[in-house]
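Fold and contact review
Listed below are the residues making up each chain.
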Amino acid sequence: MAINILKDKCKGCNLCAKACPFGAITIQNKIAVIDVNKCTLCGACVSACPFEAIEKEEDKKPKKDLSGYKGVWVFAEQRNGKIMPVVIELLGEGRKLANEVDTDLCAVLVGNDVSKLADELIGYGADKVYSIQDERLEKFTTDGYTTVITQAINKYKPEIVLMGATHIGRDLAPRVAARVDTGLTADCTKLEIDPDDKKIRQTRPAFGGNIMATIICPNHRPQMSTVRPGVMEKAKFDNNRKGEIIEVEFELRDEDIRTKVIEVVKSDKEMVSLTDAEIIVSGGMGLGNADGFKLLKQLADKLGGIIASSRACVDIGWIDHAYQVGQTGTTVKPKIYIACGISGAIQHVAGMSDSDIIIAINKNENAPIFEIADYGIVGDLYTVIPQFMESLDNADSLLEAVKAK
Ligand SMILES: Cc1cc2nc3c(=O)[nH]c(=O)nc-3n(C[C@H](O)[C@H](O)[C@H](O)COP(=O)(O)OP(=O)(O)OC[C@H]3O[C@@H](n4cnc5c(N)ncnc54)[C@H](O)[C@@H]3O)c2cc1C
């Protein structure tokens, strides 16, 4: 791969030198000259040249024929015969994408004797379920799953493949993408179809969440993304939906699977289901100590909700990571999110800004959390929360009093 200046076309206008972020281009004798030691082949000069005098060699490569690739595929991750919640979210999102590119929504179900889950996937919107069953696929192994999914992709040629950005999805997707020689965008938070060319635009937070990068995969297929759990809307279940189940033929030799799963051990950590919670009372460093979460738990119990946390409290050891909301934690969309002593850093907000109602309690009236809060209370949480709970206790008599007026 190289960048070449076509000397007969170059006018020495200097626009490429201005566009080069690395100062790799100079004009010598009215012709642009590239310093190969500084050039990173980024291609900024190619698009900056109005005379088409700069050529990137890879552009000359014959383009792949992408016309045969059809269908949006969702990897139906299952564990112990249970479909993971992110799959339902991907089917919801996949349906929108499939409708926009006018194609089928399909699920890929890999496992041992789990074909019974196909009907569930159809109920959630899959037009077709590609079922890959084998006793050696009972437990997830990177090798086993990669081998069979790669074969299915090569045979049926989907246009888009979505996987949940779970531990399994994050492990599997890059292997599959490398084997089928295509692009993968990891940990997407937004997917949309470009109305002009019908390619998928994949958006994900980058550089610690400080920018949102939108990435396309123009010349390879399938376009692959892993999608962060909890971000997309869940598909609705419809018992009456009909779909087709396709038993996929595949070749899997014992030696293809280099790892042996001896035992799957579930940690005895408390299970926290932040994504399903309707009311979340979340605490940050403003709590001052781990015991602060006890107060939040009292409030959460009163409201029928659960507690959560910012990353700072997790890092300091006040609470387990399972409770963390944000870019490197869980993304939540409850009806009510009460942020107590949380400053509202972009990485935290990235995981809760889609909540229906955000209530912030913070001592500092300039805390960024107030920029996204629907209701803000400036004050010490240790004063505000007990008062709040007291009002909840007296809610009935307060209502009575109001009605009596
Ligand atoms: C790559 C990367 C990923 C990250 N991922 C995440 C993530 O997933 N989730 C996450 O949360 N963070 C994440 N962070 C960290 C994030 O940048 C912030 O550091 C973190 O969110 C701050 O937590 P906090 O709001 O609890 O603490 P602080 O920023 O210290 O804020 C404490 C707040 O409490 C207020 N306060 C203090 N005392 C009281 C009181 N008595 N009553 C009321 N208010 C009070 C203060 O005014 C302040 O606003 C990430 C950072 C990086 C670099």
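In this report, we go over the structure that sits alongside the text.

Cut-off values and rules
As a convention, each chain's residues are numbered from 1 in the sequence order in which they are written. Reporting of local features is limited, given that this is a predicted model, to residues whose pLDDT is at least 70; pairs of side-chain atoms are given and counted only at 80 or more, and all residues count toward the totals for whole chains, interfaces and linings. To obtain the side-chain values, all non-hydrogen atoms of the structure were included, while hydrogens and water were left out. Strands here are runs of E lasting at least two residues and helices are runs of H or I lasting at least four, both read from the DSSP assignment and numbered beginning at the N terminus. Categorising residues by exposure relies on relative accessible area from a 1.4 Å probe, with only protein chains included: less than 20% of the type maximum marks a residue as buried, more than 50% marks it as exposed, and the intermediate range marks it as partly exposed. Should any heavy atoms of two residues lie within 4.5 Å, those residues are counted as being in contact. Counted as positive: Lys and Arg. Counted as negative: Asp and Glu. His and the chain ends are not counted at all. Taken as the charge location is NZ of Lys, CZ of Arg, CG of Asp or CD of Glu. Between the first and last residue of a helix there are one fewer steps than residues, each counted as 1.5 Å, and that sum is the expected span. One bridge is not enough; two strands pair if DSSP finds at least two bridges between them. Near is defined per residue: the residue qualifies when any heavy atom it owns lies within 4 Å of the molecule or strand. Here a polar contact is taken to be a pair of N or O atoms separated by no more than 3.5 Å, where protein atoms must pair a possible hydrogen donor with a possible acceptor and residues adjacent in sequence count only if both atoms sit in side chains. Surface accessibility in these figures is a Shrake-Rupley result with a 1.4 Å probe; residues are shielded only by whichever protein chains are displayed. Residues are grouped as follows: nonpolar covers Ala, Val, Leu, Ile, Met, Phe, Trp, Tyr, Cys and Pro; charged covers Asp, Glu, Lys and Arg; every other residue, Gly included, is treated as polar. Throughout, an axis means a line fitted to C-alpha atoms (over the contacting stretch in the case of helices), and angles, computed between N-to-C directions, take values from 0 to 180 degrees.

Within the protein, the secondary structure is distributed over 12 helices and 21 strands. Expressed along its principal axes, the backbone C-alpha trace of the protein runs to roughly 90 × 60 × 45 Å. When each of the 405 residues of the protein is scored for burial, the buried share is 45%. Restricting the contact set of the protein to residue pairs at least 6 apart, pairs at least 24 apart contribute 63%. Charge separation in the protein, taken as the distance between the mean sites of 50 positive and 58 negative side-chain charges, equals 5 Å.

Next up on the list: helix H3 (residues 85-100). Counting along an α-helix, one turn takes 3.6 residues, and residues three or four places apart therefore face a common direction. For H3, which comprises 16 residues, the first-to-last C-alpha distance of 24 Å matches the rise-based estimate of 22 Å (1.5 Å per residue) to within 8%. Within H3, burial applies to Val86, Val87, Ile88, Glu89, Leu90, Leu91, Gly92, Glu93, Gly94, Leu97 and Ala98. Once H3 finishes, Asp102 follows within two positions and takes phi at roughly 55°, a positive value.

Let's shift gears to the pairing of strand S10 (residues 160-164). Among the 5 residues of S10, 5 are classified as buried, and the element is accordingly described as predominantly covered. Residues Ile160, Leu162 and Gly164 point to one face of S10 and Val161 and Met163 to the other, with burial holding for every one of them. Sheet topology places S10 next to strand S15 (residues 223-227); 5 bridges connect them, and they run parallel. Bridging from a neighbouring strand, Ile160 pairs with Gln223 of S15.

Take the site of the ligand next. As a matter of local geometry, the ligand sits amid 25 residues, with Ser310, Gln324, Thr328, Ser343 and Asn362 nearest to it. Take His348: an N or O atom from its side chain is 2.8 Å from an oxygen atom of the ligand. One of the side-chain N or O atoms of Asn362 is found 2.7 Å from an oxygen atom in the ligand. Taking 1,000 Å² as the accessible area of the ligand by itself, protein coverage stands at 73%. Looking at the shell around the ligand, its residues break down into 6 nonpolar, 16 polar and 3 charged.

Our next topic: the sheet that holds strand S5 (residues 72-75). With parallel pairing, the 7 strands of this open sheet are ordered in space as S11-S15-S10-S5-S8-S9-S16. Each edge of the sheet is formed by a strand with only one pairing partner; in this case those strands are strand S11 (184-188) and strand S16 (244-247). Shown here is a sheet whose adjacent strand axes are inclined to one another by a mean of 20°, direction ignored. Sheet topology note: the S5/strand S8 (residues 105-111) ladder contains 4 bridges and is parallel. Note on S8: the bridge partner recorded for Val74 is Ala107. Against the sheet, H3 touches S5, S8, S10 and S15, its axis set at about 175° to S5. The sheet strands contacting helix H5 (residues 142-156) are S5, S8, strand S9 (128-133), S10 and S16, and the helix crosses S5 at an angle near 170°.

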